[in-house]
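What follows is each chain in one-letter form.
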Amino acid sequence: MADIRSEPVVVIGLGRFGSALALELVKRGTEVLGIDHRPKVVQSLVGQIPHVITADSTDIEALRQLGVGEFDRAVVAIGTDVQASILTTSLLSELGISDIWAKAVSGQHRNILTRVGAHHVIAPEHDMGERTAHLLTGRILDYVEVDADFAVIKTKPPHDVVGMPLRESRLRSRWGVTVVAVKPEATVGGRQTGFTHATPDTVLTYGDLILVVGQIDNVERFAAAE
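Because the structure is a prediction, the values reported are computed rather than measured.

Draft legend 1. Quick peek at helix α4 (residues 82-94). Here α4 contains 13 residues, and its C-alpha end-to-end distance of 18 Å stays within 8% of the 18 Å for a straight helix at 1.5 Å per residue. Along α4, the positions that sit buried rather than exposed are Ala84, Ser85, Ile86, Thr88, Thr89, Leu91 and Leu92. On the buried face of α4, the contacting elements are β1 (9-12), α3 (60-65), β4 (73-76), β5 (99-103) and α5 (107-115).

What follows is the structure in structure tokens.
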């Protein structure tokens, strides 16, 4: 099976989000074709992105000439020009690209992108705002929403689950959550250890960091426990 990281990606729209994405993909060894309609933006990325071109992504003939239809993966990272974002996504679908990611700036924009062919729609500003709100409340140290009502959080254990094996803590019956990994507070040979898988025999201490999964309301309730 081919390594998905080696499959090339076309990134259309090289603003802050698109350029950061393209540069990170290049850093990870992925071949990237970057496209933007602004010559100055493209010029600023020459030498950083191996293949970067000025073109109008709302022109299907321009996309064909660039060979965009030969890509399996594409990202529409166009920011404020909603019309161009929607039309570009539609043209990529028409070209038969099998994995289209698109950036949305509103719920309505998200819905339209899905209808015209986007397989994955992301909303970086909304998602970051939501994540920050979770981090500002309670004792959650990190938060990742993995579905509409399911999340993974990083936090510290409440007092009443410390000092006993996880199998005795009744986490699922009391909070509806599961501890999946632990980063011990204690060092080994003077060095801090990383996260390891939690087991039913894992005993938590007050300073440990833990990764907890469950429904959003449940993980928030667990993180708020003293």
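Read on, since the account is not over.
Draft legend 2. Structural context of the sheet that holds β4. On the basis of which strands lie adjacent, the open sheet formed by six strands has the order β3-β2-β1-β4-β5-β6 and parallel pairing. Only two strands of the sheet have a single neighbouring strand rather than two, namely β3 (51-54) and β6 (120-122). The average undirected angle you get between the axes of adjacent strands in this sheet is 15°. Where β4 lies against β5, four bridges are found, and the strand directions are parallel. By the bridge assignment, Val76 is partnered in β5 with Ala102. With respect to the sheet, helix α1 (residues 16-27) is in contact with β1, β2 (32-36), β4, β5 and β6, its orientation differing from that of β1 by roughly 160°.

Draft legend 3. View of the packing of α4 against α5. It is at 9 Å that the axes of α4 and α5 come closest, and there the two elements cross at 20°. When the axes of α4 and α5 are compared, the pair comes out roughly parallel. Judged by the twist between their axes, the crossing of α4 over α5 is right-handed. Side by side, α4 and α5 meet where Val82, Ser85, Ile86 and Thr89 of the first sit next to His109, Ile112 and Leu113 of the second.

Draft legend 4. The packing of aromatic side chains, seen in detail. As enumerated under the stated definition, the model contains one aromatic pair in all. Considering the side-chain rings of Trp175 and Phe222, the 5.1 Å spacing of their centres and the 85° angle between planes classify their relative orientation as edge-to-face. Residue Trp175 is located in the loop between α7 (171-174) and β9 (177-183), and its partner Phe222 is located in helix α8 (residues 216-224); the two are separated by 47 residues in the primary sequence. Taking relative accessible area as the criterion, Trp175 reaches 8% and is therefore assigned buried.

Draft legend 5. Representation of the nonpolar core in the model. With 24 residues, the main nonpolar core has Val10, Ile12, Ile35, Leu63, Val68, Leu92 and Leu113 as its most contacted residues. Only β1, β2, α3, β4, α4 and β5 provide two or more residues apiece to this core. Per-element tally for this core: the top contributor is α4, with four residues. Those residues in contact with Ile12 that lie beyond four places of it in its chain are Ile35, Ser57, Leu63, Val75, Val76, Ala77, Ile78, Thr88 and Leu92.

What counts and how
Residues numbered from 1 in each chain as written. Predicted model: local features only at pLDDT ≥ 70, side-chain atom pairs only at ≥ 80, totals over all residues. Heavy atoms only, no water. Helix = DSSP H or I, 4+ residues; strand = E, 2+ residues; numbered from the N terminus. Expected span 1.5 Å × (residues − 1). Buried < 20%, exposed > 50% of the residue type's maximum accessible area, 1.4 Å probe, protein only. Contact = heavy atoms within 4.5 Å. Pairing = 2+ DSSP bridges. Axes fitted to C-alpha atoms, helices over the stretch in contact; angles between N-to-C directions. Parallel < 35°, antiparallel > 145°, perpendicular 65-115°, else oblique. Left-handed = near helix turned anticlockwise from the far one by under 90°. Phe/Tyr/Trp six-rings, centres within 6.5 Å; stacked < 30°, edge-to-face > 60°. Core = buried A, V, L, I, M, F, W, Y, C linked by side-chain atoms within 4.5 Å.

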